[in-house]
Amino acid sequence: FALCDGKNFITLPPAQDHKAIYEGDRGPNTGGMGAYAPAPAMTDELIKTAEKQIIHPVLGEMQRLGCPFEGVLYCGLMLTECGPKVVEFNVRFGDPECQVILPLLKNDLVEILEACCNGRIDQISLEIEPSASVCVVMASKGYPETYETGMVISGLKESNIRNNNIAVFHAGTERNNKDIVTAGGRVIGVTATAANIKMAVNNVYMSVNEITFKNSYYRRDIAHRAIDRLQ
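*Asks:* Could you give me a rundown of unusual backbone geometry, with the residues and numbers involved?
*Replies:* That bond from Asp95 to Pro96 is cis: its omega, 15°, falls within 30 degrees of zero. Tracing the backbone through its elements, the reader meets Pro96 in the loop between strand S8 (83-90) and helix H2 (98-101). A cis amide bond, omega 15°, links Tyr143 with the succeeding residue Pro144. When you line up the elements, Pro144 lands in the loop between strand S9 (132-140) and helix H4 (156-162). One non-glycine residue with positive phi stands out, namely Asp25, at about 55°. Position of Asp25 relative to the elements: it lies in the loop between strand S4 (20-22) and strand S5 (26-29). Unusually for a residue other than glycine, Asn177 sits at a positive phi of about 60°. As for its placement among the helices and strands, Asn177 is situated in the loop between strand S11 (173-176) and strand S12 (179-182).

Structural data, given as structure tokens:
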């Protein structure tokens, strides 16, 4: 993610998500069943390469065309033997990648976004927690195809209270009287922040196990690539 002010930019820690619905990265693609950051596959050297060969040229061309880009440039990359290659660009934060990046950000996000609007991004010094975050998406069974809604979700308060380093992001939910019920395919994203990815994985699944709703589904192998690489 490059935060741009039309001319300059800063990059946030790299994140990697899991698109496939089933464990082992199998099955149809979804909006994302989980994510982790920082992604160990994206080394400091590769980040510098992406900045030089991808982000700099894009911002330069936008300036040349008379429409300098201000905001969040999401660079979806594929790592190849020839270096990082662009799969897609988006002009927004990604979901669920955003849910593992922002918990690591010590700066005030509003100040950073204002700097993007005011041409001052080069004056921002990013402060990033020396930690890792892992997000697990709890979905409705049947997603990304047909699924039922209206299922009561329990355990949300217990999950938040248990650990200050746990955040529950609502996606497909709504309030029905005093209950929170499911209202979409991807229902909630549970994020844990810890000293390293393995600890974050352990903590996030402890919290996921405290949250229940009928026909819930989630992958049990989020961040498996990162753990394999680190081992």
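*Asks:* Now, about empty space enclosed by the protein: what can you tell me, with residues and values included?
*Replies:* Rolled over the atoms, a probe as big as a water molecule pinpoints where empty space is left. Under the defined criterion, the tally for this structure stands at one cavity of 30 Å³ or more. For the lining of the largest cavity, the leading source of residues is strand S13 (residues 186-194), giving three residues. Grouping the constituent residues of the lining of the largest cavity by class yields three nonpolar, two polar and two charged.

*Asks:* Requested: an account of the nonpolar core, with residues and values cited.
*Replies:* The nonpolar side chains of soluble globular proteins are, as a tendency, buried together. Membership of the largest hydrophobic core comes to 30 residues, with the highest contact counts inside it found for Val134, Met138, Ile188, Val190, Ile197, Val204 and Ile211. Counting residues per element, the ones that place at least two in this core are S9, strand S10 (166-170), S13, helix H5 (197-208) and helix H6 (224-230). The element best represented in this core is H5, accounting for six residues. Not counting residues up to four positions away in its chain, the partners in contact with Met138 are Arg186, Val187, Ile188, Val190, Val208, Ile211, Phe213, Ser216, Tyr217 and Tyr218. In this structure, Ile10, Leu12, Val100 and Cys116 belong to the second largest nonpolar core, which totals 18 residues.

*Asks:* Give me the sheet that holds strand S7 (residues 70-80): which residues, what numbers.
*Replies:* If you walk across this open sheet you meet the four strands as S2-S1-S7-S8, and the pairing is antiparallel. Edge positions in the open sheet fall to strand S2 (9-11) and S8, since each of these has one partner strand only. Neighbour to neighbour, the strand axes of the sheet diverge by 30° on average, direction disregarded. Pairing analysis gives three bridges linking strand S1 (residues 2-5) to S2, with the strands arranged antiparallel. Looking at S2, one finds that Ala2 is bridged to Thr11.

Parameters at a glance
- Residues numbered from 1 in each chain as written.
- Predicted model: local features only at pLDDT ≥ 70, side-chain atom pairs only at ≥ 80, totals over all residues.
- Heavy atoms only, no water.
- Helix = DSSP H or I, 4+ residues; strand = E, 2+ residues; numbered from the N terminus.
- 1 Å grid on protein atoms, 1.4 Å probe; cavity = no way out; pocket = protein on both sides within 12 Å on 5 of 7 lines; lining within 4 Å.
- Points joined across faces, edges and corners; volume = space filled by probe spheres on them.
- Nonpolar A, V, L, I, M, F, W, Y, C, P; charged D, E, K, R; others polar.
- Core = buried A, V, L, I, M, F, W, Y, C linked by side-chain atoms within 4.5 Å.
- Buried < 20%, exposed > 50% of the residue type's maximum accessible area, 1.4 Å probe, protein only.
- Contact = heavy atoms within 4.5 Å.
- Pairing = 2+ DSSP bridges.
- Axes fitted to C-alpha atoms, helices over the stretch in contact; angles between N-to-C directions.

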